[in-house]
Amino acid sequence: MTGTRQNPSAAGDFANGRSILLLSWLFALACGGSDPDTPRVSGTWLGQDIDDGAWEFQLSGSQSVSGTYVLTYAGDATALSDDVSGNYDHPAVSLDFQVRWFADLIQSCDFRGTMAESGETIGGTVTCSGDGDDWSSALDLRREQ
C-alpha cells in the first residue's frame with residue numbers, strides 16, 4: 001500500500017516562518033517601529049496667531065523633533081527666528097523654543113498641539129512666558145503643500 005507522507009521539514013518550515021514573523025514584529029516594536037499610517041511631522045508648517053503673527057515651523061525627525069521657527073508680523077520688516085526642539089507621539093506634538101522679542105526680553109515658549117488624522121493640520125496653542133509677561137494664543141498649523 002502506497003501512502004503519502006508529509007515531509008517533516010515542511011511543518012517545521014511553517015512554524016519557523018511564523019516564529020521569524022513574530023520575532024521581526026517584536027523587534028520592530030522594541031526598536032520604536034512606527035505604524036506606517038502615522039502621519040509624519042517633518043515638513044513645513046504655517047499658522048497665524050491672534051495678534052496676526054505669521055508662524056512658520058521647519059521640522060524634521062519622527063519622534064524626537066528639531067528644526068526652526070520664523071515669526072513675522074504684517075508691516076514689520078524684521079522676523080524673529082530660532083531653533084525648536086520637541087517630541088511627536090502621535091497625535092501629540094510638543095515644541096519648545098525661545099523668542100527674543102527685544103534685546104532685553106527673551107521668553108521661553110512652547111507649542112502643544114494635536115495632529116489631525118489627515119496629517120495636514122495640527123491644532124494647538126502657543127504659550128510664551130518670562131520676565132513677568134505671559135502670552136498665549138491658539139495656533140493652528142497647516143502643512144505647506
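Residues numbered from 1 in each chain as written. Predicted model: local features only at pLDDT ≥ 70, side-chain atom pairs only at ≥ 80, totals over all residues. Heavy atoms only, no water.

**Q** Describe the side chain of Arg143, and please don't skip the residues or the numbers.
**A** By secondary structure assignment, the location of Arg143 is in strand S8 (residues 133–143). In this structure the side chain of Arg143 is engaged in a polar contact, spanning 3.0 Å, whose partner is the backbone oxygen of Gly119. The residues touching Arg143, leaving out its near neighbours within four places in the chain, are Arg40, Ser42, Gly43, Thr44, Trp45, Met115, Gly119 and Glu120. (Helix = DSSP H or I, 4+ residues; strand = E, 2+ residues; numbered from the N terminus. Polar contact = N/O pair within 3.5 Å; in protein donor to acceptor, adjacent residues only side chain to side chain. Contact = heavy atoms within 4.5 Å.)

**Q** Account for the confidence of the model for the chain, naming residues and giving values.
**A** The pLDDT averaged across the chain works out to 83; a share of 75% of its residues lies at or above 70. Mean pLDDT per element in the chain: helix H1 (residues 8–30) is the minimum at 46, and strand S1 (residues 43–48) is the maximum at 98. Counting interchain partners and residues more than four positions distant, the pLDDT-below-50 stretch residues 21–33 has 2 contacts. (pLDDT = per-residue confidence, 0-100.)

**Q** Describe the pattern of salt bridges, naming the residues involved and giving the relevant values.
**A** One pass over the structure, following the stated rule, counts 2 salt bridges. The salt bridge partner of Asp96 is Arg112, with a shortest N-O separation of 3.0 Å. Highlighted residues: Asp96 in strand S5 (residues 92–102) and Arg112 in strand S6 (residues 105–115), separated in sequence by 16 residues. For Arg112, a relative accessible area of 38% gives the class partly exposed. (Salt bridge = Lys/Arg side-chain N within 4 Å of Asp/Glu carboxyl O. Buried < 20%, exposed > 50% of the residue type's maximum accessible area, 1.4 Å probe, protein only.)

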